[in-house]
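# Fold and geometry: a report
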Amino acid sequence: MKKEPILYSVTPFDPAGHRLKVRLTIQNPDPDGQELSLPAWIPGSYLIRDFSRQVETIQAESNGKPITVEKRGNHSWFCAPCSGPLILEYCVYAWDLSVRGAHVDESHAFFNGTSVFLSVIGQTDETCHVEFCPPPHASNWKVYTSLPEAHQHPAAAARHGFGMYIAPNYDALIDHPVEMGTPQVVQFEAHGAVHEMVFTGVIPHLDLERIAFDTQQICAAQIKFFEPETKKVPFLDSSDRYVFMTMVTGDGYGGLEHRASTALMASRHDLPVLSQANAGEGYQTFLGLVSHEYFHTWNVKRIKPERFAPYNLSRESHTELLWVFEGFTSYYDDLMLLRSGVIAEKDYFRLIGKVISNVHRTPGRFKQSIAESSHDAWTRYYKQDENSPNALVSYYTKGSLVAMGMDITIRTKSGGARSLDDVMRLLWQRYGRDFYRGAPNGIPEDALPALIQEATGVDVSEFIERYVHGRDDVPLEALLRSQGVSLSWAPAPGVTSLDVRLRSAHGETALATVYEGGAAHAAGLSAGDILVAVNGLRVTDTASLERLLRPYQPGDVVIVGVFRRDELRAYDVTLSAPALTECVLDYRQ
Ligand SMILES: [Zn+2]
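Residues numbered from 1 in each chain as written. Predicted model: local features only at pLDDT ≥ 70, side-chain atom pairs only at ≥ 80, totals over all residues.

Here we come to the pairing of strand E18 (residues 254-257). Of the pairings in the sheet, the one linking E18 to strand E19 (residues 261-267) comprises 4 bridges and is antiparallel in character. Its bridge partner lying in E19, Leu256 is registered against Ala263. Linking E18 to E19, which pair antiparallel, is a turn of 3 residues. (Pairing = 2+ DSSP bridges. Helix = DSSP H or I, 4+ residues; strand = E, 2+ residues; numbered from the N terminus.)

Dropping the structure here:
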């Protein structure tokens, strides 16, 4: 018997109170009692977030009679007895301005399915219908999502109405975030496929055409990269379009990938406006984010670790392979900006130099490997504190350096015949291309060395042992030299010889991190200490600290006055030479 689709309806019924109302109709609930649950985390962001905590009220009825809803554990509800179709109505509080949750006010509604759609246990493979209903206060809102409409319009590019949408199963339902409102929108095609960019927030004179033009170059380059013969886009297994939905704020930054869309946060100041000749480094940051999330359409949304196929959304899922999915993606995001021609070579070198500098400023890289960092993402990378630079390594940044080192190694050892590109294409063909077409297998934890050898003929197992499972620095200086690129080190501008990271706010300058083994550590200073004086002269901000330290040489001792809690303390600090942490790349003449 073909089961009736599961039916949801979602209404932003209380924009001022930031509330969504959801009605869920299950035609064939388990007669012994129906369990429902909400994900504990959202794929792509490896932290238990307990979205269920935002469900304010929930009630159920079956055959017109109210029935008991019993909460079980943190994320589950149990409804019994179910003598006929089960109808639930619940209210979700939505005031999380991030790419991971849900956010509703009078100007827009944005939500991820993981915050909104209860999964019907035992029926997660069933078709889901969702009716999006308009808010009571605004008649001009439209709907932007990669989730397909249940009734396709003849002109697919013209949709965006409220009404019925459809997902083949629960996994698909929660992988298409939704934006409602009156955003600025631009469309373009890349290799024949519709791409839509949606910008929410106040952005006067946004240069949509310029952004669309540059993004099109990036998308086209990536499509061609994975499918050089067919130029087939990856997302037609899930949607008739790809949607970039961007929330623009004063200082936003971040993104979360989905199978046919991405949710982004961007800073207003990073986006180009009309009449602006040069958009600057901030715009390159935005395009890098766009490139990163789009690359994930292949790498992590379809090419996945076995541990994520399928996702277990009720608890943490550990994999040691995030360096492949985030690190390789971070390597290719900037590389695709260069290959698609949206940035120049000197900009690419600047971006790579920044990544190398960042990794180099992290003493924690000698304590944790990127395989360990991947595994511990849930409890460490996603729960960073003042000591994290001393204790952790990022599988993003060091992962991208590993990718670069591996790429150069493969190119060198194969005499220029093979590269990391061949690895990505083999992974795509083997694991990614048919992932949503009934072949959902992922990469086993230990399979990478053999797959890379198969793709390139080059044995990189020693490289992986040393730089992925081991904690050595990737020897980039020598590797880049072999490519005609020089790598040199300089002191970072504005960095004191206290060996600390500073944080200024509300007229106070505090130590954000005390680097292990540095001058401040040796003297007894601590993260959290608020700087007040150097040799009796007042410190007001970072610049004043630099000025006060300028007369002194490495080896000189200064008295640093700080508040720790409300206690005034003084420490004798022997200044060190400014660390050479600024990496500069250039072509060797
Ligand atoms: Zn990513």
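That was the structure; now back to the text.
Turning our eyes to something else, we now look at the packing of helix H3 (residues 208-226) against helix H4 (residues 280-295). Where H3 contacts H4, the two axes come as close as 10 Å, and the packing angle between them is 30 degrees. Classified by chirality, the crossing of H4 by H3 is right-handed. Seen from H3, the contacting residues are Asp214, Thr215, Ile218, Cys219 and Gln222; seen from H4, they are Leu287, Val290, Ser291, Tyr294 and Phe295. The class makeup of the residues in the contact of H3 with H4 is 6 nonpolar, 3 polar and 1 charged. (Axes fitted to C-alpha atoms, helices over the stretch in contact; angles between N-to-C directions. Left-handed = near helix turned anticlockwise from the far one by under 90°. Contact = placed C-beta atoms within 7 Å. Nonpolar A, V, L, I, M, F, W, Y, C, P; charged D, E, K, R; others polar.)

Leu20, Ile218, Trp323 and Val402 are the most contacted members of the largest nonpolar core, which totals 134 residues. Core analysis: the next-biggest nonpolar cluster, separate from the first, contains 20 residues, Leu498, Leu511, Val514 and Val539 among them. (Core = buried A, V, L, I, M, F, W, Y, C linked by C-beta atoms within 7 Å. Buried ≥ 20, exposed ≤ 12 C-beta atoms within 10 Å, placed from the backbone.)

On to the domain arrangement of the protein. When cut into domains, the protein gives domain 1 (1-180), domain 2 (306-483) and domain 3 (500-574). Each side of the interface is counted separately: domain 1 has 10 residues, and domain 2 has 9 residues. Across the side of domain 1 that touches domain 2, the residue classes tally to 7 nonpolar, 2 polar and 1 charged. (Domains from an automatic or database assignment.)

Here the amide bond leading from Ala80 into Pro81 is cis, since omega sits at -5 degrees, within 30 degrees of zero. Mapped onto the elements of the fold, Pro81 is located in the loop between strand E6 (76-80) and strand E7 (86-93). Of note, the bond from Ala309 into Pro310 is cis; its omega dihedral lies within 30 degrees of zero at 5 degrees. Positionally, Pro310 belongs in the loop between H4 and helix H5 (322-339). With a phi angle near 60 degrees, Asp499 is a residue other than glycine that sits in the positive phi range. Mapped onto the elements of the fold, Asp499 is located in the loop between strand E20 (485-490) and strand E21 (500-505). With a phi angle near 45 degrees, Asn535 is a residue other than glycine that sits in the positive phi range.

A few words now on H5. Since there are 3.6 residues in each turn of an α-helix, residues three or four apart along the chain are aligned in direction. In this model, H5 (18 residues) spans 24 Å end to end at C-alpha, consistent with the 26 Å of a helix rising 1.5 Å per residue. The buried fraction of H5 is high, at 16 of 18 residues. Downstream of H5 by a residue or two, Gly341 has a phi angle that is positive, lying close to 85 degrees. (Expected span 1.5 Å × (residues − 1).)

Another point: the sheet that holds strand E5 (residues 65-72). The sheet built from 10 strands is open, its strands ordered E10-E3-E6-E5-E4-E7-E2-E1-E11-E13 with mixed pairing. At either margin of the open sheet sits one strand with a lone partner, and together these are strand E10 (119-120) and strand E13 (163-167). Here strand E1 (residues 6-14) pairs with strand E2 (residues 19-26) via 6 bridges, running antiparallel. Residue pairing in the sheet places Asp14 in a bridge with Arg19 of E2.

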